[in-house]
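Residues per chain are reported as follows:
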Amino acid sequence: MGVPQTMEALRERAIFMKDSLHRSQTITDSMVAILGSFDHRLSALETALRPTQIRTHSIRRAHDNIDKTLKAAEVILAQFDLTRKAEAKILRGPHEDLESYLEAIDQLKSTVEFFCSNKSFKADGVLNHANQMLTKAVSKLEDEFRTLLSNYSKPVEPDRLFDCLPNSLRPSSSPKQKGENNKNSSDHQNKSLEAPVYTLPTLIPPRVLPLLHDLAQQMTQAGHQQQLFRGYRDTRASVLEQSLRKLGVERLSKDDVQKMQWEVLEAKIGNWIHYMRIAVKLLIAAEKKICDQILGDSSLRDQCFAEVTVNSVSTLLSFGEAIAKSKRSPEKLFVLLDMYEIMRELQSEIELLFATTACNEMREGAVNLTTRLAQTAQETFVDFEEAVERDSTRTAVLDGTVHPLTSYVINYVKFLFDYQTTLKQLFEDFEASDPDAQIATLTTRIMQALQVNLDGKSKQYKDPALTQLFLMNNIHYIVRSVRRSEAKDLLGDDWVQIHRRIVQQHANQYKRISWAKILQCLSVGTGDSGASGISRAMVKDRFKTFNVQFEELHQRQSQWTVPDSELRESLRLAVAEVLLPAYRSFLKRLGPMIEGGKNPLKYIKYSLEDLERMLNEFFEGKTWNEQKR
């Protein structure tokens, strides 16, 4: 193909493209014109539809409002329905179904809260009615609380309380010796390897406690705490006091205590010690437990517990105060120590039970009583030393035996050592020095006071030999008692040895005073030169003198008493060792001068065997009639 043809073809194509572009422009112009027409039409249509859109939106909003109103009405109607049901339960009262009653109160509270938080409902009438019903409901709750608490609050019988004690502290059916019950049980506790187990008594059935707690909670929430407080306090305080009265607790004043005979008062003190233990460890501890369970976290709980227990605790402590303030006497020392022991034993429980500010009165009262008992015990201890030294008993023991004062003091001191732990604690509470040294010093001083008094009493005897026998008997009794007791460890071996020598000195003095004269009679005319120079009349006179002197000694001293068998035999042997050899020598030297004469038995009345037999009758405390038989 040639160039002309190619050019022609390109021209034709260019013309075709030009025509195509022209047609496209025409179409575009037509479309623009059509679209412009649509724009005018749409604006007109929108203007026409606007009122319809507004009406549709209003209808939709009205529908939404109606829907919300219907839902609100359903909620209000539901509240009315629940309130009506709650009101029916409340009108029936709490007796039939307390749990449902409490649920009804909760529902009323919920209704009140609902309308208070939705004030737009304009439900003042409903609110007033619900509040009135709540007031009635809570009033019935108060009555129910009092009735329920009263019905299930009964005094605890003593037997039930005894069953809650450890076995070692339960009353025994066998009779006790005076002071045995409380002291032995206390020793048992101190020596026991296992702590005694106490079981709290059931004051209110466990199934009732949750109901009482719920009632108390509802009354508190309703602002009726004071009514709750008074109802609980009056009921429980009365029951606690009744339980203690059944046990035997009574309020006694100082004057009441002073008027009592000692045996009666001692028994009451022993009982008081048990009452304190039972009251604190059982009754008051159980009272604290139910108070916490019923009143929960109430702000008045501690004050309520304090007022429930204050009168009972005061009654118990007042007796202890009356004893501590009463006239001091030696026999009261041990009961004071017993009382001090129990207060020390209960100290931790008392501090725990009465730990709150509301209970300060009881806690401080217990501390003050413990202090007062300790002070009075110390003063009584000092009084005892002075009383021993000043004892002016004029009733002499005619036979020279151990004086009642001696046995009383020694038994007193021995009994004190049963309280060594308590005494140490007491001294540690008030003194900074070594308690062992203090006890040793006091014991030594008491022994010295006793010996001073015995020296004075010994001077009542007209017979100096009996004076020595009396002192020998009493000092020996003291030494023997100390050696067999814990006092030996405090007084020491030196003290024992010194006083054993004193006993021997009095025995030697007795022998010298009693037998020197008769031994001198036997020694007259018995020198190495034999019987030469002594007339038969003189010999007869010496035998008669010996017989009279020995018979007088036998008659008198067989009425004297040496109660310790070993000391008695030792003293007889000591006399026999000097008398019998002297009499044997006397018989051997001078007897033949009488035996060859007339009626020798008139002068030689006693053989060696007779003397030995009669010596064995000395210090037996025989009466004159017994001797004649």
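Here, every reference points to the structure presented above.
What comes next is a walk through the structure. Computed from a prediction, not measured in an experiment: that's the story for all the values here.

## Points about the packing of aromatic side chains
Piece 1. In the structure shown here, the tally under the stated rule is 19 aromatic pairs.
Piece 2. Judged by centre distance (5.8 Å) and plane angle (25 degrees), the ring pair of phenylalanine 305 and phenylalanine 354 falls under stacked. Residue phenylalanine 305 is located in helix α10 (residues 301-325), and its partner phenylalanine 354 is located in the loop between α12 (347-353) and α13 (360-390); the two are separated by 49 residues in the primary sequence. Pair check on accessibility: phenylalanine 305 and phenylalanine 354 agree, each one buried.
Piece 3. Ring geometry for tyrosine 510 against phenylalanine 619: centres 5.7 Å apart, planes inclined by 70 degrees, an arrangement best described as edge-to-face. One end of the pair, tyrosine 510, is in helix α19 (residues 493-523); the other, phenylalanine 619, is in the loop between α22 (608-615) and α23 (624-628), and 109 residues separate them in sequence.
Piece 4. Residue tyrosine 510 is classed as buried on the basis of its relative accessible area of 0%.
Piece 5. Among the residues examined, phenylalanine 619 registers a relative accessible area of 1% and is labelled buried.
Piece 6. Note that lysine 288 overlies the ring of phenylalanine 305, its terminal NZ or CZ placed 5.0 Å from the centroid.

## Let's talk about empty space enclosed by the protein
Piece 1. All told, the structure shown has four cavities of 30 Å³ or more when counted by the stated rule.
Piece 2. Within this model, the largest cavity holds a volume of roughly 60 Å³.
Piece 3. Lining the largest cavity we find Met276, Ala279, Val280, Ile284, Val313, Leu316, Leu317, Ile350, Phe354, Met362 and Ala366.
Piece 4. Those elements giving two or more residues to the lining of the largest cavity turn out to be α9 (262-295), α10 and α13.
Piece 5. A class-by-class count of the residues in the lining of the largest cavity yields 11 nonpolar, no polar and no charged.

## Some details on the pattern of salt bridges
Piece 1. Using the criterion set out here, one finds 26 salt bridges in the structure.
Piece 2. With a closest N to O distance of 2.5 Å, lysine 268 and glutamate 250 form a salt bridge. Pair noted here: lysine 268 is in helix α9 and glutamate 250 is in the loop between α7 (225-247) and α8 (254-259), with a separation of 18 residues, a long-range link.
Piece 3. Residue lysine 268 is classed as partly exposed on the basis of its relative accessible area of 26%.
Piece 4. For aspartate 564, the salt bridge is made with arginine 480, and the minimal N-O distance between the two is 2.8 Å. Linking aspartate 564 in the loop between α20 (536-557) and α21 (565-595) with arginine 480 in helix α17 (residues 464-483), this pair joins segments that are 84 residues apart in sequence.
Piece 5. One salt-bridge network, held together by shared partners, links Lys288, Asp292, Arg301 and Asp302.

Reading the values: the criteria
Residues numbered from 1 in each chain as written. Predicted model: local features only at pLDDT ≥ 70, side-chain atom pairs only at ≥ 80, totals over all residues. Heavy atoms only, no water. Phe/Tyr/Trp six-rings, centres within 6.5 Å; stacked < 30°, edge-to-face > 60°. Helix = DSSP H or I, 4+ residues; strand = E, 2+ residues; numbered from the N terminus. Buried < 20%, exposed > 50% of the residue type's maximum accessible area, 1.4 Å probe, protein only. Lys NZ or Arg CZ within 6 Å of the ring centre and 35° of its normal. 1 Å grid on protein atoms, 1.4 Å probe; cavity = no way out; pocket = protein on both sides within 12 Å on 5 of 7 lines; lining within 4 Å. Points joined across faces, edges and corners; volume = space filled by probe spheres on them. Nonpolar A, V, L, I, M, F, W, Y, C, P; charged D, E, K, R; others polar. Salt bridge = Lys/Arg side-chain N within 4 Å of Asp/Glu carboxyl O.

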